[in-house]
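The chain contents come next:
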Amino acid sequence: MPELPEVEVTRQSFAQRIRGARVTGVRLGKPLRWPLGCEAQHIVGQPVGEVVRRGKYLWVALGNGGLLMHLGMSGSLAFSETPPPPGAHDHFDLVTTLGTLRLTDPRRFGAVVWSEALDRPPAATLLAALGLEPFDERFDGAWLHRQLRGRRVSIKQALLSGRIVVGAGNIYACEALFEAGIHPARAAGRISLPRCVRLADAVRGTLARALQLGGSTLRDFRDAHGMEGRFQQHAQVYGREGQPCLRCGAAVRRSVQGQRATYYCAHCQT
DNA sequence: AAGTGGACCTGCTAGC
DNA sequence: TGCTAGCAGGTCCACT
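Bear in mind that the values here come from a model prediction, so they are computed numbers and not experimental data.

For helix 1 (residues 4–18), which comprises 15 residues, the first-to-last C-alpha distance of 21 Å matches the rise-based estimate of 21 Å (1.5 Å per residue) to within 8%. Along helix 1, the largest kink reaches about 25° and is centred on Gln12. Within helix 1, 12 of the 15 residues are buried, which leaves the element mostly enclosed by the surrounding structure. Within helix 1, burial applies to Leu4, Pro5, Glu6, Val7, Glu8, Val9, Thr10, Arg11, Ser13, Phe14, Ala15 and Ile18. Of the residues trailing helix 1, Gly20 is marked for its positive phi of about 90°.

Moving on, we come to the sheet that holds strand 7 (residues 99–104). Taken together, 4 strands build an open sheet; the order of strands is 1-6-7-5 and the sheet is antiparallel. Across the chains shown, the open sheet's two edge strands, defined by having one partner strand only, are strand 1 (23–28) and strand 5 (76–80). Sheet twist, expressed as the average angle between the axes of neighbouring strands with direction ignored, equals 15°. Relative to strand 6 (residues 90–96), strand 1 runs antiparallel, the two being bridged by 5 bridges. Each bridged residue has a counterpart across the sheet, and for Val26 the counterpart in strand 6 is Leu94.

Once that is clear, we can look at the protein's contact with DNA strand B. As a structural note, the neighbourhood of DNA strand B is formed by Lys30, His89, Pro106, Arg107, Arg108, Phe109, Arg151, Arg152, Val153 and Gln259. Here DNA strand B approaches the protein such that, of its atoms within 4 Å, sugar and phosphate make up 61%. Within the side chain of His89, one N or O atom sits 2.9 Å away from a phosphate oxygen of DNA strand B. Side-chain polar atom of Arg151 to a phosphate oxygen of DNA strand B: 2.8 Å apart, as the coordinates give it.

Applying the stated criterion across every chain, the model contains 11 salt bridges. Where Arg120 meets Glu116, a salt bridge forms, and the shortest distance between an N and an O atom there is 3.8 Å. The exposure class assigned to Arg120 is partly exposed, which follows from its relative accessible area of 42%. Each of Glu8, Arg11, Arg53, Arg54 and Glu133 takes part in one network of salt bridges that share partners.

Once that is clear, we can look at helix 4 (residues 141–148). Given 3.6 residues per helical turn, the α-helix brings residues three or four places apart onto the same face. Listing the buried residues of helix 4 in full gives Gly141, Trp143, Leu144 and Leu148. Each buried residue of helix 4 sits inside an arc of 160° when the element is viewed along its axis, so together they form one side. Buried residues belonging to helix 4 abut helix 5 (155–161) and helix 7 (193–212). Capping the start of helix 4, Asp140 holds a side-chain oxygen 3.3 Å from the backbone nitrogen of Ala142, two or three residues further along. One or two steps after helix 4, the chain reaches Gly150, where phi turns positive at roughly 80°.

Strands sit in the order 2-3-4-8 across an open sheet of 4 strands; the sheet is antiparallel. The sheet terminates laterally at strand 2 (48–54) and strand 8 (111–115), the two strands that pair on one side only. In this sheet, neighbouring strand axes are inclined to one another by 20° on average, regardless of whether the strands run parallel or antiparallel. For strand 2 and strand 3 (residues 57–62), the ladder comprises 5 bridges, and the chain directions are antiparallel. Paired with Val52 across the strands is Trp59, a residue of strand 3. Where helix 1 meets the sheet, it contacts strand 2 and strand 3, and its direction lies at approximately 170° from that of strand 2.

This part is about the packing of aromatic side chains. Applying the stated criterion across every chain yields a total of 3 aromatic pairs. Centroid distance Phe139 to Trp143: 6.3 Å. Interplanar angle 70°. Geometry classified as edge-to-face. When its relative accessible area of 1% is taken as the criterion, Phe139 is described as buried. A ring pair is formed by Tyr172 and Phe231, whose centres lie 5.1 Å apart and whose planes are at 70°; its orientation type is edge-to-face. Residue Tyr172 is located in helix 6 (residues 170–180), and its partner Phe231 is located in the loop between helix 7 and strand 9 (253–257); the two are separated by 59 residues in the primary sequence. Across the pair, Phe231 and Tyr172 agree in class, each one buried.

How each quantity is defined
- Residues numbered from 1 in each chain as written.
- Chains lettered and ligands numbered in written order.
- Predicted model: local features only at pLDDT ≥ 70, side-chain atom pairs only at ≥ 80, totals over all residues.
- Heavy atoms only, no water.
- Helix = DSSP H or I, 4+ residues; strand = E, 2+ residues; numbered from the N terminus.
- Expected span 1.5 Å × (residues − 1).
- Bend = angle between axes of the 7 residues up to and from the residue.
- Buried < 20%, exposed > 50% of the residue type's maximum accessible area, 1.4 Å probe, protein only.
- Pairing = 2+ DSSP bridges.
- Axes fitted to C-alpha atoms, helices over the stretch in contact; angles between N-to-C directions.
- Near = heavy atom within 4 Å.
- Polar contact = N/O pair within 3.5 Å; in protein donor to acceptor, adjacent residues only side chain to side chain.
- Salt bridge = Lys/Arg side-chain N within 4 Å of Asp/Glu carboxyl O.
- Arc of directions from axis to C-beta.
- Contact = heavy atoms within 4.5 Å.
- Phe/Tyr/Trp six-rings, centres within 6.5 Å; stacked < 30°, edge-to-face > 60°.

See below:
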């Protein structure tokens, strides 16, 4: 589910409210992707510091380390002073003096992992291969062009890998490629510098727009206040198979790349 | 080394 | 109505 905009919207919706709290308890539900990696005792009593995002991960700083969280495909976080009793899909509660941060994740591809620091394992290991943040000033067309040189994978898969630039998942990769007029199956290493410039702009622009709109809610995404996103109403190609391209009127096509659906306009994207 | 395909897990929907 | 196949916003890992 959550790509960079959804994760960032989630972060913004609870970071200030939980800051300065003290952890009073931890509740675990069914196993997530990886074990927490420490005893609850290790966390209880710790002060909560800032919440930062790296790619699609969130880092909740605690006095003696922190929690690296990922929402997987179906995860969401809610922060509430008086949370309802945990449901079948509520697999992690961080109970604090200011409220409870709860991870709800039906598919359990999400994760909460304790680490002594962001730049120490296991957190550092999980983040090691991540590419640049899209809003990093170093991320531009020239840099993108250099990174893609010689790569034979499709540009869609190169974006999705997160090893060049983080944050664009399946929805926003499709949207950014449409915006840039680049065919998703084009070999990454065969995109000219001018088109890389357009693509870098499109990736940043698409993610920024989604952020402004509160992310995308296709089925179940909510921020930590329970608010839905509105980007999906503005999607140009994602989920629009067979409908007219908003630019040229040709039918939007759907294909499969790396076992993921890709939506594009074969006329506008070359 | 880069690229590919499978795996993880559950819920929902379309189609028979 | 009920079953089944197919699909879903992510990413790690083993294999070629």
